[in-house]
Amino acid sequence: MTTHRPDFELSRPAALIAALPAVLGFVPEKSLVLVSVDDGELGCVLRVDLGEDLADRIAHLAEVAAAAEPAAAIAVIVDADGAHCPGCNEEYRQLCDVLSEALAERGVQLWAAHVVDRVALGGRWHCVDGCGSGGCVDDPSASPLAAAAVLDGRRLYPRRADLQAVISVEDPSRSAELAGAVEQQAVRRRSAHRADPDLCSRRDVENAIAAAARVARGQFLSDAELAELGCALSDVEVRDVLYALAVGESAGEAETLWALLARALPPPWRVEALVLLAFSAYARGDGPLAGVSLEAALRCEPDHRMAGMLDTALQSGLRPERIRELAATGYRLAKRLGVRLPPRRAFGRRAG
């Protein structure tokens, strides 16, 4: 799920469909995409895989879409194999009837439903209900939202799997071997924390900031350094300070480090890196990266409080500027610990 301002006509299916990669962060395939609309503007955008159990998930999809109380929604079914199959279209029509009823029960009107074979220049779309409308998809790379995504510093991925690769464990064997190193570091850290809690937390925060700068310069972190960082992230106070980096001038460096740790650390330690990455991505308006990071974190730890809160906020369409307010706690804690964080950066119009 993600949210964006519209810079195109929602009434033009060819333009709406072409904008989906910029909104989702990747080119959807075999998907049902639900776009919420309020006051004529693009709101929350949700995507689910097509599959035999999709009808059973429609109620939940409608519930999530209705959370932000939009006036209406538009459905887009992406299916290269079934887009031009008359029998498949009847199945899509029935599916959209169920979706329309589920949305109506929650006060949301399904304005339109379209089927498209591929979200690319030359792709063909038509309306599900047989209205006779159809045509070619606009060029996704020329969509105003694609340009906005580039200005925001967001990368667009060819497939969802490419986006997920940003946070997927690169070397499971090495990750498993790191578990022992993290546990040994945890023993050492507990001793240091008992001796001087503030000094221990301050050192951990400063080490993380320094490591982020080194990674941004292309330097590698040793297994010992990875273990030390993974252990530090398990400390709530340290973690709360590090959330503030998401709104600082070195946010990009910190985000690169969180992604590296998410790919390298074993569970459960990678969870905290995933949530830090999700917070940073959310704060700068990158809903797709925030979404896949939170999905991975909640798979590892379903009851993680911060991950659950961010996931609820993301699915309800809470704007990034509201999420950034949470960083104020990190700055207050840093001041108490005597840690100097990077200055807050100014977010432009498209960052939020």
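Residues numbered from 1 in each chain as written. Predicted model: local features only at pLDDT ≥ 70, side-chain atom pairs only at ≥ 80, totals over all residues. Heavy atoms only, no water.

(A) Just the overall build of the protein chain, in detail. Each helix and strand counted, the protein chain has 15 helices and seven strands in total. At 22 Å, the protein chain has a C-alpha radius of gyration in line with the 20 Å of a compact globule built from 352 residues. With the principal axes as the frame, the protein chain shows a C-alpha extent of 75 × 40 × 40 Å. When each of the 352 residues of the protein chain is scored for burial, the buried share is 53%. Across the protein chain, contacts joining residues at least 24 apart in sequence account for 69% of those joining residues at least 6 apart. Within the structure as shown, the protein chain displays about 15,900 Å² of accessible surface, and the carbon and sulfur contribution to it stands at 50%. Each charge sign in the protein chain was given a centre, from 39 positive and 50 negative side chains, and these centres are 7 Å apart. (Helix = DSSP H or I, 4+ residues; strand = E, 2+ residues; numbered from the N terminus. Rg over C-alpha atoms; globule rule 2.2 N^0.38 Å. Buried < 20%, exposed > 50% of the residue type's maximum accessible area, 1.4 Å probe, protein only. Contact = heavy atoms within 4.5 Å. Areas by Shrake-Rupley, 256 points an atom, 1.4 Å probe, with all protein chains shown as cover. Lys, Arg positive; Asp, Glu negative; His and termini not counted. Charge placed at Lys NZ, Arg CZ, Asp CG, Glu CD.)

(B) Representation of the pattern of salt bridges. Per the stated rule, a full pass over the model turns up 22 salt bridges. Across the pair Asp223 and Arg174 runs a salt bridge whose closest N-O atoms are separated by 2.5 Å. Placement of the pair is Asp223 in helix 8 (residues 223–232) and Arg174 in helix 6 (residues 172–195), with a sequence separation of 49 residues. Judged by relative accessible area, which is 32%, Arg174 ranks as partly exposed. Connected through salt bridges with shared partners, the residues Lys30, Asp79 and Asp81 form a single ionic network. (Salt bridge = Lys/Arg side-chain N within 4 Å of Asp/Glu carboxyl O.)

(C) Fine view of empty space enclosed by the protein. For the structure on display, the rule yields two cavities of 30 Å³ or more. Approximately 30 Å³ is the volume found for the second largest cavity. In this structure, the second largest cavity is lined by Gly25, Arg155, Tyr157, Leu163, Asp286, Pro288 and Leu289. Partitioned by chemical class, the residues of the lining of the second largest cavity number four nonpolar, one polar and two charged. (1 Å grid on protein atoms, 1.4 Å probe; cavity = no way out; pocket = protein on both sides within 12 Å on 5 of 7 lines; lining within 4 Å. Points joined across faces, edges and corners; volume = space filled by probe spheres on them. Nonpolar A, V, L, I, M, F, W, Y, C, P; charged D, E, K, R; others polar.)

(D) Focus on the pairing of strand 5 (residues 109–116). Judged from the seven bridges that link them, strand 4 (residues 72–78) and strand 5 form a sheet pairing that is parallel. Bridge assignment links Ile77 to a residue of strand 5, and that residue is Val115. In this structure, strand 5 lies alongside strand 6 (residues 124–127), joined through three bridges in antiparallel fashion. Within strand 6, the residue paired with His114 across the bridge is Cys127. (Pairing = 2+ DSSP bridges.)

(E) Examining the packing of aromatic side chains more closely. Applying the stated criterion to the full structure yields one aromatic pair. With a centroid separation of 5.2 Å and an interplanar angle of 70 degrees, the aromatic rings of Tyr243 and Phe279 are classed as edge-to-face. Of this pair, Tyr243 sits in helix 9 (residues 236–243) while Phe279 sits in helix 11 (residues 270–283), and the two are 36 residues apart along the sequence. In this structure Tyr243 comes out as buried when scored by relative accessible area, which is 6%. Residue Phe279 is classed as buried on the basis of its relative accessible area, which comes to 1%. (Phe/Tyr/Trp six-rings, centres within 6.5 Å; stacked < 30°, edge-to-face > 60°.)

(F) Broad picture of helix 13 (residues 305–315). Listed in full, the buried residues belonging to helix 13 are Met306, Ala307, Leu310, Asp311, Ala313 and Leu314. An end-on view of helix 13 places all buried positions within 165 degrees of arc, on one side of the element. The outward face of helix 13, more than 90 degrees from its buried face, is lined by the exposed residues Arg305 and Thr312. Its buried side turned inward, helix 13 meets helix 9, helix 11, helix 12 (287–300) and helix 14 (320–324). (Arc of directions from axis to C-beta.)

(G) Broad picture of the nonpolar core. If you look at the biggest cluster of nonpolar residues, it comprises 89 residues, and the most contacted ones within it are Leu242, Leu257, Trp258 and Leu261. With eleven residues, the top contributor of residues to this core is helix 11. Ranked by size, the runner-up nonpolar core spans 27 residues in total, among them Ala75, Ile77, Cys96 and Leu99. (Core = buried A, V, L, I, M, F, W, Y, C linked by side-chain atoms within 4.5 Å.)

(H) Main features of the environment of Phe279. Separated by 34 residues in the primary sequence, Phe279 and Leu245 have C-alpha atoms spaced 9.9 Å apart. Leaving out residues up to four positions away in the same chain, Phe279 has contacts with Tyr243, Ala246, Met306, Leu310, Ile323, Leu326 and Ala327.

(I) Up close: the confidence of the model for the protein chain. Model confidence for the protein chain is summarised by a mean pLDDT of 88, while 93% of its residues fall at 70 or above. This stretch, residues 1–8, has a pLDDT under 50; its non-local contacts, to residues over four places away or in other chains, come to 43 contacts. (pLDDT = per-residue confidence, 0-100.)

(J) Representation of the packing of helix 11 against helix 13 in the model. Relative to each other, helix 11 and helix 13 sit at 30 degrees, their axes nearing to 10 Å. Classified by the interaxial angle, the pair formed by helix 11 and helix 13 is roughly parallel. In the crossing of helix 11 with helix 13, the sense of the turn from one axis to the other is left-handed. Across the interface between the two elements, Val275, Phe279 and Tyr282 from helix 11 touch Met306, Ala307, Leu310, Ala313 and Leu314 from helix 13. (Axes fitted to C-alpha atoms, helices over the stretch in contact; angles between N-to-C directions. Parallel < 35°, antiparallel > 145°, perpendicular 65-115°, else oblique. Left-handed = near helix turned anticlockwise from the far one by under 90°.)

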